[in-house]
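Structural features, examined
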Amino acid sequence: AGLLPMAGLLALVVGGGDAWRFGALALGWLYAALIFSFLGGLWWGLAAAAGPRAPGWLYCISVLPSLLALATLAPWLIGEPWPGPSLVWLGLGILASPLVDRRIAALGLTPPWWLALRLLLSAGLGLMAIVMGLAA
């Protein structure tokens, strides 16, 4: 269900006509940025739940998704093309995020089902964001 909003927005970008195009692109960027930031919050929560077993790097890396998502607004603020390139960057970040999840899982800080779900959701959302960005 977490992939449905992006799938609907991608359908609007591809087949919704010019009236829907920019709004769907902007909402696609927003959804990808929110989910990527949420993922950082999940990592922070896993670290907090692990207490002293949590490595310090996990707290540091958990803020990166929000900072990267925020940075993808910079082109818009200075009049550069947006949101196409920003969607591609978000998609790449989301696609790379399971590397962190694998490390967290290897430390025993996640539930058993975590990695399978994260791989599926990251692949789906990351690829859709990239396709949407390239279609912009």
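Refer to the structure above for everything that follows.
Since this is a predicted model, take the numbers as computed values, not measurements.

Quick word on the pattern of salt bridges
Applying the stated rule across the entire model yields 1 salt bridge. The salt bridge involving aspartate 101 is made with arginine 118; its shortest N-O contact spans 2.9 Å. Placement of aspartate 101 in helix H7 (residues 98–106) and of arginine 118 in helix H8 (residues 114–135) is noted, with a sequence separation of 17 residues between them. The buried category is assigned to arginine 118, whose relative accessible area is 10%.

Some points on the nonpolar core
Counting residues in hydrophobic clusters, the biggest one holds 32 residues, and the most contacted among them are Met6, Trp43, Leu87, Leu90, Ile104 and Met132. In terms of residue count, helix H2 (residues 18–50) provides more of this core than any other element does, 13 residues in total. Each residue touching isoleucine 104, except ones within four places of it in the same chain, is listed here: Trp43, Leu46, Trp57, Leu58, Leu109 and Thr110.

Remarks on the packing of aromatic side chains
Inspection of the entire model under this criterion finds 5 aromatic pairs. Arranged with centres 5.9 Å apart and planes meeting at 45°, the rings of tryptophan 76 and tryptophan 82 form a pair that is tilted. Counting every residue linked through ring pairs, the aromatic cluster contains Phe22, Trp29, Trp76 and Trp82.

Quick word on the layout of surface pockets
Here the largest pocket is characterised by a volume of approximately 270 Å³. Taken together, 16 residues form the lining of the largest pocket, with Ile35, Phe38, Leu42, Arg118 and Leu121 sitting closest to its centre. Of all the elements in the fold, those that place two or more residues in the lining of the largest pocket are H2 and H8. In terms of residue class, the lining of the largest pocket is made up of 13 nonpolar, 2 polar and 1 charged.

Regarding the packing of helix H1 (residues 4–15) against H2
Direction vectors running N to C along H1 and H2 enclose 155°, while the axes themselves pass 8 Å from each other. One element, H1, and the other, H2, form an angle in the roughly antiparallel class. Crossing of H1 over H2 shows left-handed handedness. The residues of H2 that touch H1, namely those facing Pro5, Met6, Leu9, Leu12 and Val13, are Trp20, Arg21, Ala24, Leu25, Leu27, Gly28, Tyr31 and Ala32. Looking at the contact of H1 with H2 residue by residue, the class counts come to 11 nonpolar, 1 polar and 1 charged.

Thoughts on the environment of leucine 109
Of note, leucine 109 is situated in the loop between H7 and H8. Using a relative accessible area of 9% as the deciding quantity, one classes leucine 109 as buried. In sequence terms leucine 109 and arginine 53 are 56 residues apart; their C-alpha atoms lie 8.5 Å from each other. Not counting the four nearest positions on each side in its chain, leucine 109 is found in contact with Leu46, Ala50, Arg53, Ala54, Pro55, Leu58 and Ile104.

Overview of a nonpolar patch on the surface
On the surface, Trp44, Val63, Leu64, Leu67 and Leu68 cluster together into a nonpolar patch covering about 460 Å² of accessible area. Take the nonpolar patch: its biggest share by element is 3 residues, from helix H4 (residues 64–71). Looking at where leucine 67 falls in the secondary structure, it is placed in helix H4.

What counts and how
- Residues numbered from 1 in each chain as written.
- Predicted model: local features only at pLDDT ≥ 70, side-chain atom pairs only at ≥ 80, totals over all residues.
- Heavy atoms only, no water.
- Salt bridge = Lys/Arg side-chain N within 4 Å of Asp/Glu carboxyl O.
- Helix = DSSP H or I, 4+ residues; strand = E, 2+ residues; numbered from the N terminus.
- Buried < 20%, exposed > 50% of the residue type's maximum accessible area, 1.4 Å probe, protein only.
- Core = buried A, V, L, I, M, F, W, Y, C linked by side-chain atoms within 4.5 Å.
- Contact = heavy atoms within 4.5 Å.
- Phe/Tyr/Trp six-rings, centres within 6.5 Å; stacked < 30°, edge-to-face > 60°.
- 1 Å grid on protein atoms, 1.4 Å probe; cavity = no way out; pocket = protein on both sides within 12 Å on 5 of 7 lines; lining within 4 Å.
- Points joined across faces, edges and corners; volume = space filled by probe spheres on them.
- Nonpolar A, V, L, I, M, F, W, Y, C, P; charged D, E, K, R; others polar.
- Axes fitted to C-alpha atoms, helices over the stretch in contact; angles between N-to-C directions.
- Parallel < 35°, antiparallel > 145°, perpendicular 65-115°, else oblique.
- Left-handed = near helix turned anticlockwise from the far one by under 90°.
- Patch = residues over 30% accessible without salt bridge, like charges linked within 9 Å, V, L, I, M, F, W, Y side chains within 5 Å.
- Areas by Shrake-Rupley, 256 points an atom, 1.4 Å probe, with all protein chains shown as cover.

In short, shape yes, function no, at least from these values alone.
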